[in-house]
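Examining the three-dimensional arrangement
Below are the chains, spelled out letter by letter.
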Amino acid sequence: MQKPSLPKGTRDFGPVQMSRRTYILDTIKETFQLFGYQQIETPAMENLSTLTGKYGDEGDQLLFKILNSGDFLKDVNLEDLSAGTQAVLPKVSEKGLRYDLTVPFARYVVMNRNELTFPFKRYQIQPVWRADRPQKGRYREFYQCDADVVGTESLVCEAEIILMIRKVFAKLKLADYQIKINNRKILTGIAEAIGEAGKEGPLCVAIDKLDKIGWEKVQEELAQRGFGIDAIQKLAPLVSLESNLSGKLEFLKTFLKDSETGLKGVEELEEVFEILDQMGENLDFVDFDIMLARGLSYYTGAIFEVKVNGVSIGSVSGGGRYDNLTGVFGLPGVSGVGFSFGVDRLYDVLEELKLFPEDSLNSTKLLLAYFDEKGFGYALSLLNQFRKAGVKTEIYPDQAKIKKQLEFAAKKEIPFVGICGDNEIKDNSVSVKNLSTGEQVNLEIEAAIQLIQGS
RNA sequence: GUGAUUGUAGCUCAGCUGGUUAGAGCGCUGGUUUGUGGCACCAGAGGUCGCCGGUUCGAACCCGGUCUUUCACCCCA
């Protein structure tokens, strides 16, 4: 005998958790559909060649690789072994578990380009796997809920992403959060403006930590990454900039006046806000964060990140525009924009804020209970009458003492127990006991159905 | 991947500088109560002290390894 256990970073979901997850997922699905997105699914595993090289070196390390079936060592020779992992891996593994939903989607778009109608809007809700070290809000298997649209450069999509996030959060009763938005082109422009053109990658990584470690440390890190002192000093006014939206935009227009790309980014951002205005929407919850820099290498335009205030969880949603994701699969020039909700993190947030509706679990409304075999038979005959009327009904299947049946109902939070004894059998009735009040009434079956349905 | 940290009953946790048979609360099972759950009282079951090895006359306790938990870094939903 061995004690069963779970692989690191994975979890079971019990009935309570499942009903809560369903609540979150239904809310998200509803919203995606309202905005015209269609659902697809892709396999849990992809060819390793599809996955590798898309997430950077770090990402490649975090991919779960699947050992080839059969004699997976048959192509490996001693030379490979002494050459190390790099040489052995491609010979023993040709598949991996998906790391996100965006890359499989890009693969899907390329493979189905002739069937799809562009612009194509799809959503996808499936687990992804990362061989990360687990910690709070970070798992090795977790769900993502992606919505992406490909085949258009329209900034209406960006505006709609903001609307969808707001809609979902409103439905989930989340009231204190920020949709941080920025544009990759602005970051590129900043790199140019401070005389470190092309280095926005390391620049992003460093300034992304501003909140966490402060300006002093960021300067150190920038210096370490090879940024000149004057470049860092040029960056300073940006960091200390505390202004409203239009103030930030005006500042950037001056700051980026020599960077065509940077100005384009500002322009795009302004257009998104303008579209929202035309839609009759406002900028509630939207926060233009010049320093927002999401790591993923493929973003080229808008970038989003959503943070719920006052909770210990990191970002619960993120996304952005990528101009050429399908390019690596042989279909260049397709622009896409998308974002993703992290259900597992949303779950943790709602739990921390106690925002789950209470009545989500107790589905059964009536338990038929009995004292003896005769009553058991009578109860069995009643089951279908209640169910036909749409009352969620069950019976304790093993013949057991009434005490046990009542305890069972109480534990499962079943609100009503229908007692079936000799008296009830005699006049074809049932005694309905309300478990929370303890009240009990003897009723005809029809009346019992009405009572329970009316509750 | 780097550095810490945790593991004792179903759950939450005690367990002294290493020393007889490892404890508590909650939960669970049965009873007081054969037409009625929650409350009360009584009784009972339940533990390879994460796993493997070492030190010792003797290990839940000390040492090594391993797995797991949590956390920071990296990165990220």
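Residues numbered from 1 in each chain as written. Chains lettered and ligands numbered in written order. Predicted model: local features only at pLDDT ≥ 70, side-chain atom pairs only at ≥ 80, totals over all residues. Heavy atoms only, no water.

In total, this model carries 21 salt bridges according to the counting rule given. Measuring nitrogen to oxygen at the nearest pair gives 2.8 Å for the salt bridge that ties Glu30 to Lys171. You can see Glu30 sitting in helix α1 (residues 15-34) and its partner Lys171 sitting in helix α7 (residues 156-171), a full 141 residues away along the chain. Look at Glu30 and you get partly exposed, because its relative accessible area is 44%. Taking the shortest distance from any N to any O, the salt bridge between Lys199 and Glu196 comes out at 3.3 Å. According to the relative accessible area criterion, Lys199 is partly exposed, its value standing at 23%. For Glu196, a relative accessible area of 12% puts it in the buried group. (Salt bridge = Lys/Arg side-chain N within 4 Å of Asp/Glu carboxyl O. Helix = DSSP H or I, 4+ residues; strand = E, 2+ residues; numbered from the N terminus. Buried < 20%, exposed > 50% of the residue type's maximum accessible area, 1.4 Å probe, protein only.)

Attention now goes to the protein's contact with RNA strand B. With respect to spatial proximity, 43 residues lie near RNA strand B, and among them Arg130, Lys136, Arg138, Leu435 and Gln440 are the closest. One nitrogen or oxygen atom from the side chain of Lys401 is found 2.7 Å from a phosphate oxygen belonging to RNA strand B. The side chain of Lys433 places a nitrogen or oxygen atom 3.1 Å from a base nitrogen of RNA strand B. Secondary-structure elements contributing two or more residues to the surface near RNA strand B are β6 (141-150), α16 (402-411), α17 (422-426) and β15 (429-434). In terms of residue count, α16 provides more of the surface near RNA strand B than any other element does, six residues in total. (Near = heavy atom within 4 Å. Polar contact = N/O pair within 3.5 Å; in protein donor to acceptor, adjacent residues only side chain to side chain.)

On the surface, Leu67, Phe72 and Leu73 cluster together into a nonpolar patch covering about 260 Å² of accessible area. We classify Phe72 as partly exposed; its relative accessible area is 31%. (Patch = residues over 30% accessible without salt bridge, like charges linked within 9 Å, V, L, I, M, F, W, Y side chains within 5 Å. Areas by Shrake-Rupley, 256 points an atom, 1.4 Å probe, with all protein chains shown as cover.)

As a further point, take the packing of helix α9 (residues 200-207) against helix α10 (residues 210-224). Helix-helix packing is characterised by the crossing angle of the two axes and by the distance between the axes. Where α9 meets α10, the axes come as close as 8 Å, and the angle between the chain directions of the two elements is 135°. Classed by the angle they form, the pair α9 and α10 counts as oblique. Along the contact surface, α9 presents Leu203, Val205, Ala206 and Ile207, while α10 presents Leu210, Val218, Glu221 and Leu222. Partitioning the contact of α9 with α10 into residue classes produces seven nonpolar, no polar and one charged. (Axes fitted to C-alpha atoms, helices over the stretch in contact; angles between N-to-C directions. Parallel < 35°, antiparallel > 145°, perpendicular 65-115°, else oblique. Contact = heavy atoms within 4.5 Å. Nonpolar A, V, L, I, M, F, W, Y, C, P; charged D, E, K, R; others polar.)

Where empty space is left can be seen by rolling a probe of water-molecule size over the atoms. Counted as a void, the second largest pocket has a volume near 230 Å³. In this structure, the second largest pocket is lined by Leu48, Thr52, Asp60, Gln61, Lys65, Thr85, Gln86, Leu89, Pro90, Ser93 and Glu94. Of all elements in the fold, only α3 (56-62), α5 (85-92) and β4 (93-97) reach the threshold of two or more residues within the lining of the second largest pocket. With four residues, α5 is the single largest residue contributor to the lining of the second largest pocket. Its residues assigned to classes, the lining of the second largest pocket comprises three nonpolar, five polar and three charged. (1 Å grid on protein atoms, 1.4 Å probe; cavity = no way out; pocket = protein on both sides within 12 Å on 5 of 7 lines; lining within 4 Å. Points joined across faces, edges and corners; volume = space filled by probe spheres on them.)

Right, let's get into the domain arrangement of chain A. Domain assignment breaks chain A into domain 1 (28-41 + 107-352), domain 2 (45-97) and domain 3 (361-453). When each unit is reduced to the centre of its C-alpha atoms, the spacing between domain 1 and domain 2 is 31 Å. At the interface, 10 residues of domain 1 touch six residues of domain 2. Together, Arg107, Trp129 and Ala131 form the three largest contributors to the area buried by domain 1 at its contact with domain 2, with a combined 52%. The interface formed by domain 1 and domain 2 contains one salt bridge. The salt bridge involving Arg107 is made with Glu46; its shortest N-O contact spans 2.5 Å. (Domains from an automatic or database assignment. Buried area = accessible area lost by both parts, 1.4 Å probe.)

Every regular strand shows the same layout, with side chains that alternate between the two sheet faces. For strand β14 (residues 416-420), the buried fraction is high: five of the five residues fall into the buried class. The alternating pattern of β14 places Phe416, Gly418 and Cys420 on one face and Val417 and Ile419 on the opposite face, and all of these are buried. Bridge count for strand β12 (residues 366-370) against β14 is five bridges, and the pairing is parallel. Bridge assignment links Leu366 to a residue of β14, and that residue is Phe416. In the sheet, β14 pairs with β15 via four bridges, with the strands oriented antiparallel. When the bridges of β15 are listed, Val417 appears paired with Lys433. (Pairing = 2+ DSSP bridges.)

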